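# Architecture at a glance
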Amino acid sequence: MIRRLLLALALLGLTAGAQEGGDWTVERDASRIEMSVRAFGGTHSGRFEQWSGNIVFDPENATASRADVTVQTASLRMQPSAVTARAKGAGFLDAARYPTIRFALKSLEPLGGDRYTARADVTIKGVTRPLAFPVDLRLTDGRAHLTGAFVVDRTQFGIGTTGPWNRLVDRRVTVRVQLQARPA
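Below: a short report on this structure. (Residues numbered from 1 in each chain as written. Predicted model: local features only at pLDDT ≥ 70, side-chain atom pairs only at ≥ 80, totals over all residues. Heavy atoms only, no water.)

Below, the discussion takes up the layout of surface pockets. Approximately 860 Å³ is the volume attributed to the largest pocket. For the largest pocket, the lining is made up of 48 residues, of which Ile-33, Met-35, Phe-48, Phe-150 and Val-175 are closest to its centre. The element that contributes the greatest number of residues to the lining of the largest pocket is strand β11 (residues 169–183), accounting for seven residues. When the residues that make up the lining of the largest pocket are grouped by side-chain class, the tally is 41 nonpolar, three polar and four charged. (1 Å grid on protein atoms, 1.4 Å probe; cavity = no way out; pocket = protein on both sides within 12 Å on 5 of 7 lines; lining within 4 Å. Points joined across faces, edges and corners; volume = space filled by probe spheres on them. Helix = DSSP H or I, 4+ residues; strand = E, 2+ residues; numbered from the N terminus. Nonpolar A, V, L, I, M, F, W, Y, C, P; charged D, E, K, R; others polar.)

This is the structure in structure tokens:
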């Protein structure tokens, strides 16, 4: 009986702690996730059209923020369309076998002003790697605006590591994130 009571109190404590920051809703029309990579003598850019995110954010304690963003791999759109097909194909993102990319924000560390270091785990093709990158986070009219960019080495995720295309595509892929959210 005491054991159940202690467990119930612990669960209540965890729930209360999780709600301190509050849930926020991403405003998709004002948000985007883009990528770019140098290949074939030029820079090729694209945008992920389908993704969703869950955000816990406390304007009074941004360091306690958490986010979980799931990107639909097949929603990548690049120009020209032949580049899109190659990027989503088995040799690169392999969208058929790995339909999602996951980004899990673990913490924001203050750098001063509106600048933070974001620490996150990114999972691509079933491989998870930690990353840290600078972001700007500001509050305007009750909305949170986060912008930042990070670079991943595609070969660490098994992207484009075999075949003739590997030598023609830079290992570094830049991902740019612009999120706008409001209290749920």
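Among the surface-exposed residues, Phe-40, Trp-165 and Leu-168 lie close enough to one another that they form a single nonpolar patch of about 290 Å² accessible area. Along the polypeptide, Leu-168 turns up in the loop between β10 (143–153) and β11. (Patch = residues over 30% accessible without salt bridge, like charges linked within 9 Å, V, L, I, M, F, W, Y side chains within 5 Å. Areas by Shrake-Rupley, 256 points an atom, 1.4 Å probe, with all protein chains shown as cover. Salt bridge = Lys/Arg side-chain N within 4 Å of Asp/Glu carboxyl O.)

A few words now on the pairing of strand β5 (residues 66–72). Two faces belong to every sheet, and in a regular strand the side chains alternate between them. Covered by surrounding structure in β5 are Ala-67, Val-69 and Val-71 only, the residues Arg-66, Asp-68, Thr-70 and Gln-72 on the alternate face being uncovered. As paired strands, strand β4 (residues 51–56) and β5 are joined by six bridges and run antiparallel to one another. Along β5, the bridge assignment pairs Gly-53 with Val-69. Pairing analysis gives six bridges linking β5 to strand β7 (residues 100–112), with the strands arranged antiparallel. Considered in β7, the bridge of Val-69 is made with Phe-103. (Buried < 20%, exposed > 50% of the residue type's maximum accessible area, 1.4 Å probe, protein only. Pairing = 2+ DSSP bridges.)

Below, the discussion takes up the environment of Gly-41. Summarising the element assignment, Gly-41 is placed in the loop between β2 (32–39) and β3 (42–48). With 127 residues separating them in the primary sequence, Gly-41 and Leu-168 have C-alpha atoms 8.3 Å apart.

Take the pattern of salt bridges next. Per the counting criterion, the structure on display carries 10 salt bridges. Salt-bridge contacts for Glu-34 lead to Arg-32; the nearest nitrogen and oxygen are separated by 3.3 Å. By relative accessible area, Arg-32 is classed as partly exposed at 30%. Across the pair Asp-68 and Arg-102 runs a salt bridge whose closest N-O atoms are separated by 2.7 Å. Of this pair, Asp-68 sits in strand β5 while Arg-102 sits in strand β7; the two residues are 34 residues apart in sequence, bridging distant segments of the chain. Residue classification places Asp-68 among the partly exposed residues on the basis of a relative accessible area of 24%. Among the charged side chains, a network of salt bridges with common partners joins Glu-27, Arg-143 and Arg-182.

One pass over the full model with this rule turns up four aromatic pairs. With 4.9 Å between their ring centres and 80° between their planes, Trp-24 and Phe-57 make a pair best called edge-to-face. With Trp-24 in strand β1 (residues 23–26) and Phe-57 in the loop between β4 and β5, this residue pair connects regions lying 33 residues apart in the sequence. Take Trp-24: its relative accessible area is 9%, and that puts it in the buried class. Phe-57 sits in the buried class, given a relative accessible area of 6%. With a centroid separation of 4.8 Å and an interplanar angle of 45°, the aromatic rings of Phe-133 and Phe-150 are classed as tilted. (Phe/Tyr/Trp six-rings, centres within 6.5 Å; stacked < 30°, edge-to-face > 60°.)

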